[in-house]
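Now for the letters of each chain:
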Amino acid sequence: MKNLGRVEEKKDNLSQAYKLLEIYLNKSNYLLTLVSELDKRELAFKAKESTLEGRIESVREFLEKVTLELLHKDLDREDAFKKSKVFEYDFAKELLIVDDKIRSRFSASSMTYLKSSFLFAIFVLSTADPNVKFPRFILLDNIEDKGMEEKRSQNFQRVIVKYSEEIDVKHQIIFTTSMIAPELDNNKYCVGKSYTLNNKTLKV
């Protein structure tokens with residue numbers, strides 16, 4: 001009887017051990033599944049991160065390219081613009097930099113030209129890249145701010161129109177000027193009345 005009791009005891013112990021082993025194996029398999037899923041998600045995250053980094057870099061390159069093109073098309077008023085090779089921007093710090101020269105170090109009119117050029121580059125990006133969520137619209141109402149001279153303003157107007165003619169998707173560009181280029185002063189490009197010293201906006 002004693003032997004039978006011992007056998008029963010061992011049987012119970014083995015049965016308990018088997019159940020514990022079964023629980024352990026189930027938990028272990030579940031853990032392996034979680035680790036595998038974690039690895040897959042980590043790889044997917046790294047792939048998306050890499051794609052995003054590449055995307056950010058391609059956008060930066062595009063904006064740099066177009067902004068530099070616009071600076072090179074400026075009249076000979078800012079030596080740094082004509083010779084510029086690198087353009088950088090920082091939205092967080094509100095910085096525009098041309099060859100290590102910060103925007104605030106340029107003349108007032110050149111600061112305006114640089115800012116308008118960068119904003120226009122963002123607009124061009126929106127027309128060239130369907131993944132960009134910016135509207136294909138731009139309003140430039142200060143291209144003559146800070147003492148911009150007539151010839152320089154008119155040159156920029158012509159550059160803007162040239163870009164517009166080469167864009168093959170629907171878009172809208174609005175810029176205000178009191179010094180419109182003569183060849184643009186017609187119904188094709190102008191909307192509304194023209195205001196002068198003899199025809200002022202305020203009628204008193």
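You'll find the structure just up there.
Would you mind showing me how to read the overall build of the protein here?
A tally of regular secondary structure across the protein gives four helices and five strands. Reading the secondary structure of the protein in the N-to-C direction produces α-α-β-β-β-α-β-α-β. Here the protein has a C-alpha radius of gyration of 33 Å; the compact-globule value for 204 residues is 17 Å, and the former is much larger. By principal-axis analysis of the C-alpha atoms, the protein measures approximately 125 × 40 × 35 Å. For the protein, the residues scored as buried account for 26% of the 204 residues in total. Pairs at least 24 residues apart make up 60% of the contacts formed inside the protein by residues separated by at least 6 positions. Accessible area of the protein: about 15100 Å², with a carbon and sulfur share of 56%.

What's the story with the side chain of Thr127 in this structure? I'm lost.
Here Thr127 is to be found in helix 3 (residues 108–128). Take Thr127: its relative accessible area is 9%, and that puts it in the buried class. Reaching out from Thr127, the side chain makes a polar contact with the backbone oxygen of Val124 at a distance of 2.7 Å. Sequence-distant contacts of Thr127, defined by excluding residues within four places in its chain, comprise Arg136, Ile167, Val169 and His171.

Whenever I open this one, the packing of helix 3 against helix 4 (residues 150–166) confuses me. Can you help?
Two measures define how a pair of helices packs: the angle their axes make with one another and the distance between the axes. Where helix 3 meets helix 4, the axes come as close as 12 Å, and the angle between the chain directions of the two elements is 5°. By the criterion of interaxial angle, the relationship of helix 3 to helix 4 is roughly parallel. Contacts from Ser109, Ser110, Tyr113, Ser116, Ser117, Phe120 and Val124 in helix 3 reach Arg152, Phe156, Ile160 and Tyr163 in helix 4. Among the residues forming the contact of helix 3 with helix 4, the class breakdown is six nonpolar, four polar and one charged.

About the cut-offs
Residues numbered from 1 in each chain as written. Predicted model: local features only at pLDDT ≥ 70, side-chain atom pairs only at ≥ 80, totals over all residues. Heavy atoms only, no water. Helix = DSSP H or I, 4+ residues; strand = E, 2+ residues; numbered from the N terminus. Rg over C-alpha atoms; globule rule 2.2 N^0.38 Å. Buried < 20%, exposed > 50% of the residue type's maximum accessible area, 1.4 Å probe, protein only. Contact = heavy atoms within 4.5 Å. Areas by Shrake-Rupley, 256 points an atom, 1.4 Å probe, with all protein chains shown as cover. Polar contact = N/O pair within 3.5 Å; in protein donor to acceptor, adjacent residues only side chain to side chain. Axes fitted to C-alpha atoms, helices over the stretch in contact; angles between N-to-C directions. Parallel < 35°, antiparallel > 145°, perpendicular 65-115°, else oblique. Nonpolar A, V, L, I, M, F, W, Y, C, P; charged D, E, K, R; others polar.

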